[in-house]
Amino acid sequence: MRSRSNSGVRLDYYQRIVHRLILAHQEPVTGLFPASNVNSHAWIRDNVYCILAVWGLSMAYKKIADQDEDRAKCYELEQSCVKLMRGLLMAMMNQKDKVEKFKMTQSPCDSLHAKYSSKNGLPVVGDNEWGHLQIDAVSLYLLILAQMTASGLQIVFTLDEVSFIQNLVFYIESAYSIPDYGIWERGDKTNHGEPELNASSIGMAKAALEAMNELDLFGARGGPASVIHVLADEAHKCQAVLQSMLPRESNSKELDSGLLCVIGFPAFAVDDAQLIHNTKDAILSRLQGKYGCKRFLRDGYRTPKEDPSRLYYERWELRMFENIECEWPLFFCYLILFHAFQNDKRSVQEYADRLEKIMVRSEDGTLLVPESYAVRQDLVGQEYQKPGSQIREVVGRCPFLWGQSLFILGRLLQEGFLAVGELDPLNRRLGAQKKPDVVVQVVIIAEDNEIRDKLAEHDLHVQTIAEVAPIEVQPARVLSHLYTYLGRNRKLGLSGRKSRDVGILSTSKLYSLKDRIFAFTPQFADLSRFYIASDNELMIDILKGEINFLKSAWDLLGRPLVTLVLKRIHLDQDKIPLAMIQTMRKLKSGYINGTRVMLGSLKDFLNTSAITDLSFLGSTEDGYPDRLHSDVQTYLDEHLLRSFSNRSTMNLRGGQLRPRTLRRRMSCKGAIKKTRSINVDSDNLGMEGPAPLTERRLSSVVPPPWLQPNKQSHVSVFATTPEEGPSTPSLHLGNELVIRENIYPVDPHGSNRTTIDRRSEFVRQHEITVPKILIQRHRAETNFADTEVEELIAMLRETENLEEQGDILQFLVDTQGLDFNTGMLEEGRVVTVRDLLKGLYEKACQQKLWGLVRHTAGMLGKRVEDLAKAVTDLLVRQKQVTVGMPPNNEHTITAPLPEGELRQLIHDAYGDDESTSMLTQELMVYLAMFIRTEPQLFHEMLRLRVGLIIQVMAKELSRTLNCDGEAASEHLLNLSPFEMKNLLYHILSGKEFAVSSVARGNLSIVSCKSSRVSKKSQIGLGDPEGEDALLATIDDRQGQWLRRRRLDGALNRVPRDFYSRVWTVLEKCQGLAIEGRVLQQSLTQEMTPGELKFALEVETALNQIPQPEYRQLVVEALMVLTLVTEHNMVPSLGGIIYVEHLVHKANQLFLEDQRKVQGDATLCCAKIKDGKEQQQAASGMLLCGGAAYICQHLYDSAPSGSYGTMTYLSRAVALVLDCVPKHGEMECAIS
């Protein structure tokens, strides 16, 4: 035998080990590895991990191949890898129909199988008999396929296989919103077969998507047809969700050692070095033991306490597994690789030593990695008492090939046969390094010469669409349509990409198609989508947000390029809106909101932008790869003609549907009363009151009471009801309460009667009492019910006030339905009520009458384009969403729903109130925008209760404007989308704001930087002078704690670590009762303190409380209880604790103190009671209006201080709980 270098001899030793332990088990026909000698099933995940050692060894041989036999060994090892990867590919291709179906349904029954027969690659268990949906396994396969291809292996042979793999990319691209069974095939840890969103699956999918992007599967020999395309936005969504979850694994697993493969080798899916560090530390501190790491807390698998006769666990028995979970040496192998990639030699050595101690030696002295170590049956008692003290025994397979393979890789790295770069040819490990600042390029293009000249007046020089040729500018929907051709394959029956969503990362590139170049405008600028797109200020705000997003999310070659087209429809009274000019000037300056930008023309940026080739649009299947697919050709020809050139016809659509006369009258600009300002002298007074229009059922034209001279100016809910007699205010009560009915749960009419009954009843009752002032002009209109439809339609032609038209159309919809034929004809077509409503909607959009816009949008059943996406964005970041008003019709959304179901759910929650249901959808979109850009606003919030948020927005407006509830609701519904988003932002961030008035009676929300700004209304008054200003400031300091509690309660914000601290309280008592819901102690048996499922249980109980400020006091009371338990004042808190009793007791103590010191509360609740007061208390009304019988002044006390709420709550705890000793000294640690 020729002499070998030392390294060669050592490699031959590893080759023998790999051959004996791994390759000897590879099935010759399929190339797959069976699970063990007795179980012939082959798991995708285990198989891919097994082959890594073989791949690593082949690369080590390639480096020292100084002799022919080494080259031969290298080739032999490489071909074993190819054989296995192709074996898995064949097994999955046999299930191609599942891949096609899953793109649509995303149902666990339609998923690819997780394991196949190693003999023939066919399925071994039924679709429903196993938790097959394991996105991490398919993702791992794609990731390693990409890495192996990049290292020079040829695994994929034909274009049909390429299109199958492209479809596997679609299969995993929505991983961030698909609950699966995860790396341990369990789903929820009780193993009842409930899938959940797993961070390890999302991380692996993100890694696979990034690795596959623009990869040529034929390696260096391929052409454009063998390249895989990934939409960057999908990978980024996975990243955002992953970052929001870590170090949590899922709802039921607060931590999982499986995350080691996501933060390190093989996925390297996390870009944030601090997050990697935190996740690793959490795993080491809570899951690491002497024999490896536990998979997750309370993992019962193979423990001595597990009942082997059944697969699932009872919820109560999970507590038994605490501290005796099996420990897996596999994770030491991951940690060795993790530190080797970090180049931390000391830690590598430390874990290598620890691993060697627990490995098993075979007869011939080979070191084997066992599957896991369990506590011996007879030592369980001692292990409970002193975790980690007892010896454990090997359970499961030995060698465990997944672990053995990683162990060998670690050895090859340690001994210098491999460099880390060889195991990661795609350089994924560098993802967490600091990147240079991104410069965002912005191009503004004018629709036509006229707009170009208008911009030039402001010293902004841009090109028109015609001038940027040969580059073609298209809306995002064209790109989304082109992407549906990706991955189509007739032979395999695969239909291409299903999702129609293209995000800002995809539209910020240029695209080449043969010799043409396309630029795409972002999706948010697509006007056909939803009414919020016609609010220019909001569009600018979204643009700033997207530019900021690009700064952090862009990681492609080249710079991002945002293309915007300025169109006719953006003009305001034929001028370019000021907000747009200001933004363009900012862009020109080179910085906007801290992001570097460059404003220029498309041709300037050709060389610096990312360009993607749309080569997949060729007719490869018909044998003409150089020709465009015929469908694509037709689509482009049709679309390019009409996309941006003659967009102006859109505006006329509403006009064409109307009768000629009406169109002429409607186009008179000045005639339309643009404002809704309160004006007593106007001749059409009733139409301008805020109420009659925006709500369903509003069509009587009696002015609201506050508009009538010499009438009482405030309607009390309790004052009169329509049945009591025809005083004018009561008439309005019926009409006005509509909003209140939704915003405050009060409905004095009982909501069972129909809208029309109710309306005609009012009209009947009040025919006589209608004030004279109205009859002059609207005789017919005061009594719609008896008016003939023809007359109404005639009135509709005459009136130019959009609000009146809204009223008339509303009545027609209620009585005749949307598809009622109005008898008008337009160009030979019948005009229905729906057509008229559409016309009105478009007019209202143009004129920015937002209340009317929201209402008509609701009546037309328009839906927010991205509603389902917005809700998904919130849910996948572990925020549940509720719609409707508490406590009766609040619906919780816990899992992503299709668009139609969501709309129906919201509609059911608000009944007839179209405006509020539209507003709900709008707010969900804004919440989703915020959670993407400013996730810190949502810390310590688990459920977003949109109904309560709307209530609080109205309350805040009524406080700031100093008006009553109805007026505030009215102002709220009339805020422009931009101001609505602004108000929502102020409420989420808890910032003070003031309201100032801008043109046309619209309100604008302004931040109060200094506390000296008077927070009272600035509408029309500017700041109140002198004394008033002083009063206002003092007044506002009073009420600030009440306001904070109200905001925190409505937003469900809780103190840090609140839920895990409640868990410790629950451990010490039999239960906590909140508003009739009891949290049982058994929850602690089932769930760990940091588990999201536990937090949701507590949240559900707290959400029973309808009043936000009261909910907040209950949270404070729970915090006092946690302090009692944390300082171990008492061994046990006894039976069930009724938390509300504590709050009421604290209120009593507070009132006693108030009487002693003559505090503010002596004016209301601490007054010495006489008969009248008691009556009032019995009817449920406190004088001060405090919620739930708690004095308003207690709500308004700061938490700390001798008169603070914490003081009273602590005293209440001491008095109410029997376990606290009543006498003697006690250490009081409540600060």
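Where an unreviewed UniProt entry is consulted, the protein appears under the name Phosphorylase b kinase regulatory subunit, with the organism given as Drosophila pseudoobscura pseudoobscura. UniProt, in the comment section headed Function (unreviewed entry), describes the protein in these words: "Phosphorylase b kinase catalyzes the phosphorylation of serine in certain substrates, including troponin I. The alpha chain may bind calmodulin." Per its UniProt entry, the protein bears the Sequence similarities (unreviewed entry) comment "Belongs to the phosphorylase b kinase regulatory chain family."

Peer 1: How would you summarise the pairing of strand 19 (residues 595–600) if you had to cite specific residues and measurements?
Peer 2: Bridge count for strand 10 (residues 439–446) against strand 19 is five bridges, and the pairing is parallel. Counterpart to Q441 in the pairing with strand 19 is M598. Relative to strand 19, strand 18 (residues 591–592) runs antiparallel, the two sharing two bridges. Paired with I592 across the strands is T595, a residue of strand 19. Here strand 18 hands over to strand 19 after two residues, with N593 in that stretch at a positive phi of 50 degrees.

Peer 1: Before we move on, can you summarise the packing of aromatic side chains with the specific residues and values?
Peer 2: Tallied over the full model, the rule gives 25 aromatic pairs. Where F332 meets Y351, the ring centres are 5.6 Å apart and the plane angle is 50 degrees; that geometry is what we call tilted. Within this pair, whereas F332 is found in helix 11 (residues 330–341), its partner Y351 is found in helix 12 (residues 345–358), the two being separated by 19 residues in sequence. This pair shows no difference in class: F332 is buried, exactly as Y351 is. Clustering of aromatic rings is evident, with ring pairs tying together Y49, W184, Y301, W328, F331, Y334, F400 and W402. Geometry around F157 places R86 over its ring, the cationic atom sitting 3.7 Å from the centre. Sitting above the plane of the Y312 ring, R310 keeps its charged end 5.6 Å from the centroid.

Peer 1: Explain the pairing of strand 22 (residues 624–628) residue by residue, including any values.
Peer 2: Here two bridges tie strand 21 (residues 618–619) to strand 22, and the two strands are oriented antiparallel to one another. Across the sheet, G618 pairs through a bridge with L628, a residue of strand 22.

Peer 1: Explain the nonpolar core to me, and be specific about the residues and the numbers.
Peer 2: One finds Y141, L142, L145, M212 and L406 to be the most contacted residues of the largest nonpolar core, which totals 148 residues. If you tally residues by element for this core, the top one is helix 2 (residues 44–64), at 13 residues. Leaving out residues up to four positions away in the same chain, M212 has contacts with L142, L145, A146, I165, V169, L217, I228 and V230.

Peer 1: Give a description of the packing of helix 11 against helix 12 that names residues and reports values.
Peer 2: In helix packing, the relevant descriptors are the interaxial angle and the interaxial distance, both defined with respect to the helix axes. At a closest axis distance of 8 Å, the pairing of helix 11 and helix 12 adopts a crossing angle of 165 degrees. It follows from the interaxial angle that helix 11 and helix 12 lie roughly antiparallel. The interaxial crossing formed by helix 11 with helix 12 has left-handed handedness. Contact with helix 11, carried on its side by F332, C333, L335, I336, H339 and A340, involves S347, V348, Y351, A352, R354, L355 and I358 of helix 12 and no other residues of that element.

Peer 1: Can you tell me about helix 36 (residues 914–933), naming the residues and giving the values?
Peer 2: Under the 1.5 Å per step criterion, the end-to-end length of helix 36 is 29 Å for 20 residues, consistent within 8% with the ideal 28 Å. The buried fraction of helix 36 amounts to 18 of the 20 residues, a majority that puts the element mostly inside the structure. Put simply, D913 is the residue that caps the front of helix 36, since its side-chain oxygen is 3.3 Å from the backbone nitrogen of S915.

Peer 1: Outline unusual backbone geometry, supporting the account with residue identities and numerical values.
Peer 2: The residue after L246, namely P247, is reached through a cis peptide bond having omega 0 degrees. With respect to the element layout, P247 can be found in the loop between helix 8 (232–245) and helix 9 (260–263). Residue P266 is bonded to the preceding F265 through a cis peptide linkage, with omega at 0 degrees. Along the chain, the position of P266 falls in the loop between helix 9 and helix 10 (273–287). Residue R302 is not a glycine yet carries a positive backbone phi of 65 degrees. For R302, the location among the structural elements is in the loop between strand 4 (292–294) and strand 5 (327–328). Given the relative accessible area of 27%, R302 is considered partly exposed. Notably, Q878 is not glycine yet its phi reads approximately 60 degrees, a positive angle. Positionally, Q878 belongs in the loop between helix 34 (867–876) and strand 25 (880–883). Taking the relative accessible area as the measure of exposure, Q878 reaches 14% and is therefore buried.

Peer 1: Give a description of the side chain of D873 that names residues and reports values.
Peer 2: With respect to the element layout, D873 can be found in helix 34. Judged by relative accessible area, which is 5%, D873 ranks as buried. A distance of 2.4 Å separates polar atoms of two side chains, one belonging to D873 and the other to R932. Setting aside anything within four residues of it in sequence, one finds D873 in contact with A928, I931 and R932.

What counts, and where the lines are drawn
Residues numbered from 1 in each chain as written. Predicted model: local features only at pLDDT ≥ 70, side-chain atom pairs only at ≥ 80, totals over all residues. Heavy atoms only, no water. UniProt positions renumbered as here; feature names shortened; annotations may be inferred. Pairing = 2+ DSSP bridges. Helix = DSSP H or I, 4+ residues; strand = E, 2+ residues; numbered from the N terminus. Phe/Tyr/Trp six-rings, centres within 6.5 Å; stacked < 30°, edge-to-face > 60°. Buried < 20%, exposed > 50% of the residue type's maximum accessible area, 1.4 Å probe, protein only. Lys NZ or Arg CZ within 6 Å of the ring centre and 35° of its normal. Core = buried A, V, L, I, M, F, W, Y, C linked by side-chain atoms within 4.5 Å. Contact = heavy atoms within 4.5 Å. Axes fitted to C-alpha atoms, helices over the stretch in contact; angles between N-to-C directions. Parallel < 35°, antiparallel > 145°, perpendicular 65-115°, else oblique. Left-handed = near helix turned anticlockwise from the far one by under 90°. Expected span 1.5 Å × (residues − 1). Polar contact = N/O pair within 3.5 Å; in protein donor to acceptor, adjacent residues only side chain to side chain.

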